[in-house]
Amino acid sequence: MKQWIDSLRKEHQLPDEAYKQLLTCLDADVTSYLHQQAREVTLSCFGNKIYIRGLIEISNCCRNDCLYCGIRKSNTQVERYRLTKEQILECCKEGYALGFRTFVLQGGEDRAQPVDWVAEVVQAIRLQYPDCAITLSLGEMTRNDYERLYKAGANRYLLRHETYNSTHYTTLHPKQMNIAHRLQCLRWLKEIGFQTGTGIMVGSPHQHISHIIEDIRFIEKLQPQMIGIGPFIPHQDTPFAQQPAGSVDMTLKLISIFRLMFPTVLIPSTTALASLGSDGRLRGILAGANVVMPNLSPATTRKKYALYNNKASLGAEAAEGLDLLGKQLATIGYEISTERGDYKKQL
Ligand code: 5AD
């Protein structure tokens, strides 16, 4: 098994069978070797610096009805909100003062915040913060819309494909959605010039190891600049309320595998990982992640953006908790970087 890990580090790829055995292997020695190799690669590419991104959740209104998601359209328990342009700019102002140089605007697919409006917000941020990166995470759009947002000054786009397997995709999403369109969107984003992120939920209902292998193959082909991997966590007001959460260990293994496949890719230690255990954030970093995304949304709306139960949003998860995050990182020998942290193919 260790030879496979060495080979993955050197060649950046493995046969399907090897991925499968690595992912199902329960041997603690092998797992810690995998994480150690991944960590060494991260350290050699980025040093002990962890990039920070300020996450601004701009709307919890969504036209979609994804079965796993707490802000799905048919969840009537959600108190819906939309931030105004002024509120978003205020978040950026606070974030900039705290040291953030990337703002991530994330939200549901909300028709009431049409692309014209988003473009206007992006333009305003671009004008006021020319030294900052703007990342969008607003779901599927037309190619034209993505182009407009790019021209308005956005640099990066996050759109997890969630699962590459079309049958599995169908079990997670309403029938109006399909994987083909999702992938089309990802190709457009790359073509337009966005630094593009994709990824999956680990342990989503009905997911098999074979699906994860398909995800690895897809990501290998897409060559994204960012890869977001987090465990699935049930939300009480969704059809998946009774489903078990995804495995932290499997999530950590995937982070390491992707690090060895793509040495310079940007990999966040996700909030979902942090939500399943207080040491989740740090464990993600020790497995090879190099980005964290503290919450920069107004304190009053944070609770309302609940994609899953018990989402971490306090302490080191919050933008105001940056000192605490720094202290936590220091305990494992890492520190916060306030650089923009753009993707670079070679470092
Ligand atoms: N558990 C974990 N992650 C979730 N997401 C949405 N719902 C959940 C959930 N219940 C993730 C999806 C989406 C990202 C913004 O949040 O992968 O792409």
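Note that this is a predicted model, so its numbers are computed, not measured. (Residues numbered from 1 in each chain as written. Predicted model: local features only at pLDDT ≥ 70, side-chain atom pairs only at ≥ 80, totals over all residues. Heavy atoms only, no water.)

This part is about the site of the ligand. Taken together, Tyr68, Cys69, Gln106, Arg160, Glu162, Met201, Pro231, Phe232, Ile233, Leu307 and Tyr308 are the residues near the ligand. Between the ligand and Arg160, the relevant distance is 2.9 Å, taken from an oxygen atom to a side-chain nitrogen or oxygen of the residue. In this structure, an oxygen atom belonging to the ligand sits 2.6 Å away from a side-chain N or O atom of Glu162. Here the ligand, which alone exposes 410 Å², has 87% of that area covered by the protein. Along the lines of polarity and charge, the residues of the shell around the ligand split into 8 nonpolar, 1 polar and 2 charged. (Near = heavy atom within 4 Å. Polar contact = N/O pair within 3.5 Å; in protein donor to acceptor, adjacent residues only side chain to side chain. Areas by Shrake-Rupley, 256 points an atom, 1.4 Å probe, with all protein chains shown as cover. Nonpolar A, V, L, I, M, F, W, Y, C, P; charged D, E, K, R; others polar.)

Moving on, we come to the pattern of salt bridges. Pairing of side chains with opposite charge becomes possible as their charged atoms draw close. Inspection of every chain in the model, using the stated rule, returns 21 salt bridges. Salt-bridge contacts for Glu57 lead to Lys311; the nearest nitrogen and oxygen are separated by 2.8 Å. Taken as a pair, Glu57 in strand β2 (residues 54-59) and Lys311 in the loop between α13 (299-302) and α14 (322-331) lie far apart in primary sequence, 254 residues in all. Per residue, the accessibility class of Glu57 equals that of Lys311, and both read buried. Across the pair Arg182 and Glu140 runs a salt bridge whose closest N-O atoms are separated by 3.0 Å. Of the two residues, Arg182 is situated in helix α8 (residues 179-192) and Glu140 in the loop between β4 (133-137) and α6 (143-152); the sequence distance between them amounts to 42 residues. In terms of burial, Arg182 and Glu140 fall into one category: buried. Within this structure, Asp16, Arg217 and Glu220 form a network of salt bridges that share partners. (Salt bridge = Lys/Arg side-chain N within 4 Å of Asp/Glu carboxyl O. Helix = DSSP H or I, 4+ residues; strand = E, 2+ residues; numbered from the N terminus. Buried < 20%, exposed > 50% of the residue type's maximum accessible area, 1.4 Å probe, protein only.)

Turning our eyes to something else, we now look at helix α10 (residues 248-261). The end-to-end C-alpha distance of α10 is 20 Å, a good match for the 20 Å that 14 residues give at a rise of 1.5 Å each. Most of α10 is tucked away: 13 of the 14 residues are buried. By the N-cap criterion, in which a side-chain oxygen at the helix start approaches the backbone nitrogen of a residue two or three places on, α10 is capped by Ser247, the distance to Asp249 being 3.2 Å. (Expected span 1.5 Å × (residues − 1).)

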